[in-house]
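Survey of secondary and tertiary structure
Chain residues, written in single-letter form:
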Amino acid sequence: MSEFLSLIDRIAATDSGLGTWREDAHQDDGVSPSLIWADLAHSLIDPPEDGVAERLRAIAPLIEEALERHDHQDAVSLGFIESFISLAQNRQWDTKPLRLALGPVGRQHWDALSDYLNQGRLIQIQFESKAIANCPSGSATLIGWLAVPGTRLARGGRVAEMDVGGQAQELVTLFECRVDRVALKAGETLPPGSLLCYLRPDDYRQSLSPGPFLELRLAVARD
């Protein structure tokens, strides 16, 4: 028995619901390995949502092995992980528990593929109340960025400092995200409706929210 089919058997042995997938994998001689891995994603993610993370966690060490030894032409990363992300998002599931169920290498692939799949889900932040809570009706001045592009921020993370009517205020996040790119430099004025930055949400579903996504708060003196 080949090393690949042996791995298939070991994965199937962890989950009684994978028997049909195992049989098909053994019988599909000549079928692309990426299709076999995609079939595994479909087999694991059948509804209901509860329990899927546990099923994924049970095979996570074997997925790590598969990524190390059998990811030729991205068969495992694209066939399994990308398929898994797409299936979960199509069901509008919370994907964070699924990502955390994977091992470290699996999570690295998940992050890269999730970023690729969600390129169109960047949140455009304009200087208006729809995007920013407590946004003034007039202009403001950007004092400086407190988070550079690529920075991962928790809820309440500081994005920028602004002068609003002569008062220093901080722009903070209302959800977990990364700053993807910025549209202004320190010292520039923001008229109402002007583009400020783009955010990449950790939870893809946040991009479906009507907002607001950020909030202006009085700046707090810090040491």
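This write-up is about the structure you can find in this document. On a predicted model such as this, the values are computed, not experimentally measured, just so you know.

1. What about the overall build of the protein chain?
Each helix and strand counted, the protein chain has seven helices and 10 strands in total. Seen through its C-alpha atoms, the protein chain measures out along the principal axes to roughly 75 × 30 × 30 Å. Per-residue burial over the protein chain gives 43% buried out of 223 residues. Here the analysis covers contacts within the protein chain between residues at least 6 apart in sequence; of these, 66% occur between residues at least 24 apart. Put simply, the protein chain shows about 11300 Å² of open surface, and 47% of that area lies on carbon and sulfur atoms.

2. Observations regarding unusual backbone geometry
For the bond running from Gly-211 to Pro-212, omega is 0°, close enough to zero to count as cis. Along the chain, Pro-212 falls in the loop between β9 (195-201) and β10 (214-218). If you check the backbone angles, Gln-73 has positive phi at about 55° while not being a glycine. Tracing the backbone through its elements, the reader meets Gln-73 in the loop between α4 (52-69) and α5 (75-90).

3. Let's talk about the pairing of strand β6 (residues 167-173)
The buried fraction of β6 is high, at five of seven residues. Here six bridges tie strand β5 (residues 158-164) to β6, and the two strands are oriented antiparallel to one another. Residue pairing in the sheet places Asp-163 in a bridge with Ala-168 of β6. Counted between consecutive antiparallel strands, the loop separating β5 from β6 contains two residues, among which Gly-165 sits at a positive phi close to 60°. For β6 and β10, the ladder comprises five bridges, and the chain directions are antiparallel.

4. Quick notes on the environment of Ile-8
Topologically, Ile-8 is positioned in helix α1 (residues 3-13). Spatially, the C-alpha atom of Ile-8 lies 9.2 Å from that of Leu-62, the residues being 54 residues apart in sequence. Discounting chain neighbours no more than four positions away, the residues touching Ile-8 are Trp-21, Arg-22, Ala-25 and Ile-36.

5. Comments concerning the packing of helix α3 (residues 33-44) against α4
For the pair α3 and α4, the least separation of the axes is 11 Å and the interaxial angle reads 160°. Relative to α4, the element α3 is oriented roughly antiparallel. Of the two possible hands of crossing, α3 and α4 adopt the one that is right-handed. For the pair formed by α3 and α4, the contact residues are Trp-37, Leu-40, Ser-43 and Leu-44 on the first element and Val-52, Arg-55, Ile-59, Ile-63 and Ala-66 on the second. Here the residues of the contact of α3 with α4 are counted per class, giving seven nonpolar, one polar and one charged.

6. A few points about the environment of Glu-3
Among the secondary structure elements, Glu-3 is positioned in helix α1. Since its relative accessible area comes to 45%, Glu-3 is described here as partly exposed. A sequence separation of 66 residues divides Glu-3 from Arg-69, and the C-alpha atoms of the two residues are 9.5 Å apart. Contact partners of Glu-3, with chain neighbours within four places excluded, come to Arg-69 and His-70.

7. A word on α3
Between its terminal C-alpha atoms α3 stretches 17 Å, which fits the 16 Å expected from 12 residues at 1.5 Å a residue. The complete set of buried residues in α3 reads Ile-36, Trp-37, Ala-38, Leu-40, Ala-41 and Leu-44. Looking at the buried side of α3, the elements it contacts are α1, α2 (19-27), α4 and α5.

8. Points about the environment of Arg-178
Within the element layout of this structure, Arg-178 appears in strand β7 (residues 177-182). Separated by 29 residues in sequence, Arg-178 and Ser-207 place their C-alpha atoms 13 Å apart. Those residues within four positions of Arg-178 in sequence are excluded, and the remaining contacts are Asp-115, Gly-150, Thr-151, Arg-152, Tyr-198, Leu-199, Arg-200 and Asp-202. A distance of 2.7 Å separates the side chain of Arg-178 from the side chain of Asp-115, its partner in a polar contact.

Cut-offs and rules
- Residues numbered from 1 in each chain as written.
- Predicted model: local features only at pLDDT ≥ 70, side-chain atom pairs only at ≥ 80, totals over all residues.
- Heavy atoms only, no water.
- Helix = DSSP H or I, 4+ residues; strand = E, 2+ residues; numbered from the N terminus.
- Buried < 20%, exposed > 50% of the residue type's maximum accessible area, 1.4 Å probe, protein only.
- Contact = heavy atoms within 4.5 Å.
- Areas by Shrake-Rupley, 256 points an atom, 1.4 Å probe, with all protein chains shown as cover.
- Pairing = 2+ DSSP bridges.
- Axes fitted to C-alpha atoms, helices over the stretch in contact; angles between N-to-C directions.
- Parallel < 35°, antiparallel > 145°, perpendicular 65-115°, else oblique.
- Left-handed = near helix turned anticlockwise from the far one by under 90°.
- Nonpolar A, V, L, I, M, F, W, Y, C, P; charged D, E, K, R; others polar.
- Expected span 1.5 Å × (residues − 1).
- Polar contact = N/O pair within 3.5 Å; in protein donor to acceptor, adjacent residues only side chain to side chain.

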